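# Summary of the model geometry
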Amino acid sequence: MSEDYVFLDTNNRKYKKNDILQCLKGIGADQCDILFVHTDVMFGVPNPELGRKGYLQALYDVLLSLNVRTLIFPAFSYSFCNHEDYDVRNSKTSMGALIEYIRKQPNVHRSFDPLLSMIAVGENAGIVDREIGFQALGPGSGFERIHLVNDVKFLFFGADFDECFTYIHHIEKVLKVPYRYDQSFSGYIIDYDGNRFEHVHSINTQCGGVTLKNFAELKRDLMQDGILNVAKLGNLEVACASEKSIYCEVVTRIDNNPNTFVLPYTERDLTHEYMFGKNGERITHC
């Protein structure tokens with residue numbers, strides 16, 4: 001790996017690619033067949049000699065150097081929610097600069113989900129290319145496919161575990177929690193060959209009067225139980241855990257208390273009203 005540093009943290013420590021790689025290996029991110037990666041790039045001040053693209057490429061290089069068989073990233077576009085065609089080749093993702101950069105790289109596959117698409121690279125990248133289905137979080141979704149294979153881990157590469165763990169919403173859908181419902185959206189999908197076809201897709205979203213908790217308590221308990229490995233990297237954290245362990249832990253919590261991930265609510269709060277984008281803002285989360 002190059003010896004040029006990648007970023008400088010607030011303590012003026014310079015991190016090279018190998019420093020980042022060893023940190024990720026230290027939390028077990030290399031010990032799996034499939035690694036699902038949530039990202040943030042604000043680890044510190046990027047080396048100005050790299051430029052923006054060079055910095056993003058350096059981070060991507062590190063992830064590739066983990067040598068796991070397949071990397072998967074959330075490349076959510078929420079296209080139908082925003083009354084847009086979903087173009088598998090060209091629709092931008094709202095999941096951050098690094099994932100948008102990776103989306104444009106060679107040999108990257110992207111799923112046809114017009115709401116919660118995923119991109120993948122590596123030996124089993126075709127896992128995201130299968131039949132589209134009609135649900136972003138339920139049967140046939142990318143999240144279900146991930147659950148049905150073995151040796152999957154989640155990596156939070158600077159991203160905040162407390163706020164951005166969409167996979168938990170898949171588990172909530174599977175368990176049919178009372179505070180979420182299926183909201184359908186229609187639109188057009190443009191495939192890799194430029195063919196445009198109509199489609200209806202749904203997302204299991206929170207009811208109108210319900211307020212979600214963050215996952216800080218879950219994170220604390222997972223760390224205490226040795227399920228979630230966490231390390232400091234520059235100005236941010238990295239965290240890693242196996243999919244099967246997360247799934248079992250979340251199922252247990254919801255079985256014990258179906259409302260464990262929401263604030264108290266009443267029956268009147270369980271409205272099937274889609275609250276995102278109500279003031280005309282672009283929808284970027286579910």
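Let me begin by describing the structure that accompanies this report. Only a predicted model underlies this, so the values are computations on that prediction, with no experimental measurement involved. (Residues numbered from 1 in each chain as written. Predicted model: local features only at pLDDT ≥ 70, side-chain atom pairs only at ≥ 80, totals over all residues. Heavy atoms only, no water.)

Our next topic: the overall build of the protein chain. The number of helices and strands found in the protein chain is 7 helices and 13 strands. Here the C-alpha atoms of the protein chain give a radius of gyration of 19 Å, agreeing with the 19 Å that 2.2 N^0.38 yields for 286 residues. Judged by the C-alpha coordinates and their principal axes, the protein chain covers about 55 × 50 × 40 Å. For the protein chain, restricting intrachain contacts to residue pairs at least 6 apart in sequence, the fraction spanning at least 24 positions comes to 69%. (Helix = DSSP H or I, 4+ residues; strand = E, 2+ residues; numbered from the N terminus. Rg over C-alpha atoms; globule rule 2.2 N^0.38 Å. Contact = heavy atoms within 4.5 Å.)

A few words now on the packing of helix α6 (residues 216-224) against helix α7 (residues 243-256). Contact pair α6 / α7: the axes reach a minimum separation of 12 Å and the direction vectors enclose 125 degrees. Judged by the inter-axis angle, α6 sits oblique to α7. With respect to the hand of their crossing, α6 and α7 are arranged in right-handed fashion. Contacts from E217, L218, D221 and L222 in α6 reach I246, E249, V250 and R253 in α7. (Axes fitted to C-alpha atoms, helices over the stretch in contact; angles between N-to-C directions. Parallel < 35°, antiparallel > 145°, perpendicular 65-115°, else oblique. Left-handed = near helix turned anticlockwise from the far one by under 90°.)

Now for α7. Its 14 residues give α7 an end-to-end C-alpha distance of 20 Å, which sits within 8% of 20 Å, the value for a rise of 1.5 Å per residue. Buried residues along α7 sit in contact with α4 (142-148), β9 (152-157), α5 (167-175), α6 and β13 (236-242). (Expected span 1.5 Å × (residues − 1).)

All right, on to the sheet that holds strand β11 (residues 196-206) then. Read across the sheet, 3 strands follow the order β6-β10-β11 without closing on themselves; strand pairing throughout is mixed. Either end of the sheet is taken by a strand with one partner, and the two such strands are β6 (86-87) and β11. (Pairing = 2+ DSSP bridges.)

Before going further, it helps to examine the environment of Y167. Within the fold, Y167 resides in helix α5. In this structure Y167 comes out as buried when scored by relative accessible area, which is 1%. On a C-alpha basis, the gap between Y167 and M118 in space is 12 Å, while along the polypeptide they are 49 residues apart. Look past the residues within four positions of Y167 in its chain and what remains in contact with it is F143, H147, F154, E243, I246 and Y247. (Buried < 20%, exposed > 50% of the residue type's maximum accessible area, 1.4 Å probe, protein only.)

That's the geometry; what it means functionally is another story.
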